[in-house]
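# Structural overview for review
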Amino acid sequence: PAPPPRSRPCVPELEFVLDADTERRRRGQAPRAAFLGRGAADPEHQISGILELPRQRERGCVTATFQLHDGIRDKLRPIVVTLAYGIRGPGGPRRGRGAALPPLPPAL
């Protein structure tokens, strides 16, 4: 019998979400910018994606562009863009070989 076909090794991936004007939206105000080229599931003030991480120390880049809405009044405060990310795939959240870590005391 022929050997089974080799499957592609599972490559870790970096999932990310860029979010514009987060604090302004928390205050119930409309965002002042919209990301161009976002996915259909992303709201206008967010863009998300996945970046493959095939090897350690290999650099990757994602370009995201946002456009200011017409007629914005608040031109003095900066438009803050936040990044949330996580690694999925093999080597994701790592755990030691031993028992779970003991609870940490609170830091004041």
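Scoring rules and cut-offs
- Residues numbered from 1 in each chain as written.
- Predicted model: local features only at pLDDT ≥ 70, side-chain atom pairs only at ≥ 80, totals over all residues.
- Heavy atoms only, no water.
- Pairing = 2+ DSSP bridges.
- Helix = DSSP H or I, 4+ residues; strand = E, 2+ residues; numbered from the N terminus.
- Axes fitted to C-alpha atoms, helices over the stretch in contact; angles between N-to-C directions.
- Buried < 20%, exposed > 50% of the residue type's maximum accessible area, 1.4 Å probe, protein only.
- Polar contact = N/O pair within 3.5 Å; in protein donor to acceptor, adjacent residues only side chain to side chain.
- Contact = heavy atoms within 4.5 Å.
- Salt bridge = Lys/Arg side-chain N within 4 Å of Asp/Glu carboxyl O.

## Quick notes on the sheet that holds strand S5 (residues 81–88)
Strand order in this open sheet of three strands is S3-S1-S5, and the pairing throughout is antiparallel. Each edge of the open sheet carries a strand with a single partner, namely strand S3 (46–52) and S5. Direction aside, neighbouring strands of the sheet carry axes that sit 15 degrees apart on average. Note that strand S1 (residues 13–20) and S3 share seven bridges and pair antiparallel. Among the inter-strand pairings, Asp-19 is bridged to a residue of S3, identified as Gln-46.

## Considering the side chain of Thr-22
Topologically, Thr-22 is positioned in helix H1 (residues 22–26). Given the relative accessible area of 11%, Thr-22 is considered buried. Among the polar contacts made by the side chain of Thr-22, one reaches the side chain of Thr-82 at a distance of 3.3 Å.

## Describing the side chain of Arg-32
Take Arg-32: it is sitting in the loop between H1 and strand S2 (33–36). The class of Arg-32 is buried, set by a relative accessible area of 4%. A distance of 2.8 Å separates the side chain of Arg-32 from the side chain of Asp-21, its partner in a polar contact. From its side chain, Arg-32 meets the backbone oxygen of Asp-74 in a polar contact 3.0 Å long. Residue contacts for Arg-32: discarding those within four places in its chain leaves Asp-21, Arg-24, Gln-67, Leu-68, His-69, Ile-72, Asp-74, Arg-77, Pro-78 and Ile-79.

## Topic: the pattern of salt bridges
Under the defined criterion, the tally for this structure stands at ten salt bridges. Note that Arg-88 and Glu-13 form a salt bridge whose closest N and O atoms lie 2.7 Å from each other. On the criterion of sequence distance, the pair formed by Arg-88 in strand S5 and Glu-13 in strand S1 is long-range, its members being 75 residues apart. The class of Glu-13 is buried, set by a relative accessible area of 18%. When the shortest N-O distance is used, the salt bridge between Arg-32 and Asp-74 registers 3.7 Å. A residue pair is termed long-range when its members are at least 10 positions apart, and Arg-32 in the loop between H1 and S2 and Asp-74 in the loop between strand S4 (65–68) and S5 qualify at 42 residues.

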